[in-house]
Amino acid sequence: MAATDETGPAGQNTTAPGAPPPAGPPADPAPRAPARMPRWLPRAMVLALALIAVFQLGSWAFHQLTGLLINVLIAFFLALAVEPAVSWMAARGVRRGFGTFLVFVGVLVVGAGFVTLLGSMLAEQIIKIVEDFPQYLDSVINWINTHFHTELRRVDIQENLLRSDWLRNYVQNSATGVLDVSAQVLGGLFRLLTVALFSFYFAADGPRLRRAICSVLPPARQTEVLRAWEIAVNKTGGYLYSRGLMALISGLAHYVLLEFLDVPYAPVLAVWVGLVSQFIPTIGTYLAGALPMLIAFAVAPWYAVWVLVFVVVYQQFENYVLQPKLTARTVDIHPAVAFGSVIAGTALLGAVGALIAIPAVATLQAFLGAYVKRYDVTDDPRVLGHRGSGGTSALGRRVRGLWAQRRPEDDGAERSAGTGVAGAGTAGSDAAGAAGPGDGGTAGAS
């Protein structure tokens, strides 16, 4: 008899006698205690905030002291430049402080004299231009009236210029900018004094400074630091002294030209060209030649052309003949490297970076060159600068070989052809000779 629906599930849920009862539903777990913050997390947060605060403070201090750091960097390189002269005087019994003072006084006297002469020249030229301006204006007005059929007058132009809003605004802006110019001049004098003071201490107390640095380094590091310092002194001093010698030669050459052309203020212009062209990288040559060209143009327009031609020719002579010989032992770096270093220095530190870029790169190159192992280069044509066994040279050799092989055959053919022509001529002559008696015989027979 089949089980009904009511008895089927009941039969399935029944347990065997003596078996344990089925487990009931799982009980709810006991409530856990709330999670606590790790003990290291507050300290880590405080440390992170402290590091951020220190970084912000250091960044703010660095931006505030950027000007001072640049001044110290300039002073350091200036001290490296005068170090050979100070050491030379110290080796002959002169105290380093007094020797440094003498060197700085000499540099100050030369600089002040140059600025005074240049300022007087510019002042006189400006006064002369102002005095001759009405004449220049009249000549320009007459030229315009002649060529364009106008009726301009100098009095009308002066009145319109004096009553113009542009002149009024320019005067107001100039009056308000006087204080800014004064502040910039005072700031420049303060920077100059700061650089001079630091450079004097660096040069006078050079041995003491080196001892202070080496006292915190192990002996092996001390040797490396002193070696790097010596390389920096040699490269920086050599760079400035070679530039000074080239400035002297350039000034003398341009002085001869300006005296020959009878250009006024020839000595001052020659000194200007020598210093600016040598100590302002890349664009110094063009800045140096602009002022003599302007003064020469005031004398005669063709004189400016002669000055321009001489500046270009002398620059090529200096780049390819004079500079390689004078800087071969002092600052021996590739022109492309020098140009790139000047651009990088200008991008980083402005005009200061442009001035110290070349000696800094030369020092780094010399210092790294002492630790780079070099090997002998094989005599490969690609290293020597011309192509070797391949390309055009191999083709040329093949052509020459074929030509050399074919020339004897051509000569033999030419000789055989000549011999054939000569034989034909001989045969012709023989035939003519044979025909001659025959003809004569025939004639005689007839």
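A brief structural summary.

Rules and cut-offs
Residues numbered from 1 in each chain as written. Predicted model: local features only at pLDDT ≥ 70, side-chain atom pairs only at ≥ 80, totals over all residues. Heavy atoms only, no water. 1 Å grid on protein atoms, 1.4 Å probe; cavity = no way out; pocket = protein on both sides within 12 Å on 5 of 7 lines; lining within 4 Å. Points joined across faces, edges and corners; volume = space filled by probe spheres on them. Helix = DSSP H or I, 4+ residues; strand = E, 2+ residues; numbered from the N terminus. Nonpolar A, V, L, I, M, F, W, Y, C, P; charged D, E, K, R; others polar. Core = buried A, V, L, I, M, F, W, Y, C linked by side-chain atoms within 4.5 Å. Buried < 20%, exposed > 50% of the residue type's maximum accessible area, 1.4 Å probe, protein only. Expected span 1.5 Å × (residues − 1). Phe/Tyr/Trp six-rings, centres within 6.5 Å; stacked < 30°, edge-to-face > 60°.

With that settled, consider empty space enclosed by the protein. Per the stated rule, a full pass over the model turns up 2 cavities of 30 Å³ or more. Taken as a whole, the largest cavity spans an internal volume of roughly 60 Å³. For the lining of the largest cavity, the leading source of residues is helix α11 (residues 301-326), giving 4 residues. Taken together, the residues that form the lining of the largest cavity break down as 4 nonpolar, 6 polar and 1 charged. What lines the second largest cavity is Phe 76, Ala 79, Leu 80, Glu 83, Phe 202, Gly 206, Arg 210, Trp 229 and Val 233.

So, on to the nonpolar core. In this structure, Leu 118, Val 263, Leu 269, Trp 272, Leu 291 and Val 307 are the most contacted members of the largest nonpolar core, which totals 19 residues. Elements that contribute at least two residues to this core include exactly α4 (96-148), α8 (219-260), α9 (266-279), α10 (284-299) and α11. For this core, the element with the highest residue contribution is α9, accounting for 6 residues.

With that settled, consider α10. Compared with an ideal rise of 1.5 Å per residue, which puts 16 residues at 22 Å, α10 spans 24 Å between its outermost C-alpha atoms and is within 8% of the ideal. When we look at burial in α10, the residues that qualify are Gly 284, Thr 285, Ala 288, Gly 289, Leu 291, Pro 292, Ile 295 and Ala 296.

A separate point is the packing of aromatic side chains. Applying the stated criterion across every chain yields a total of 9 aromatic pairs. Aromatic side chains Phe 76 and Phe 77 sit 6.1 Å apart centroid to centroid with 85° between the ring planes, which places their arrangement in the edge-to-face category. The class for Phe 76 is partly exposed, based on a relative accessible area of 26%. When the ring of Phe 310 is compared with that of Tyr 314, the centres are 6.3 Å apart and the planes differ by 15°; the resulting orientation is stacked. Of this pair, Phe 310 and Tyr 314 both sit in helix α11, 4 residues apart, which is roughly one turn of that helix. The structure contains a cluster of three or more aromatic residues connected by ring pairs, namely Phe 76, Phe 77, Phe 198, Phe 202 and Trp 229.

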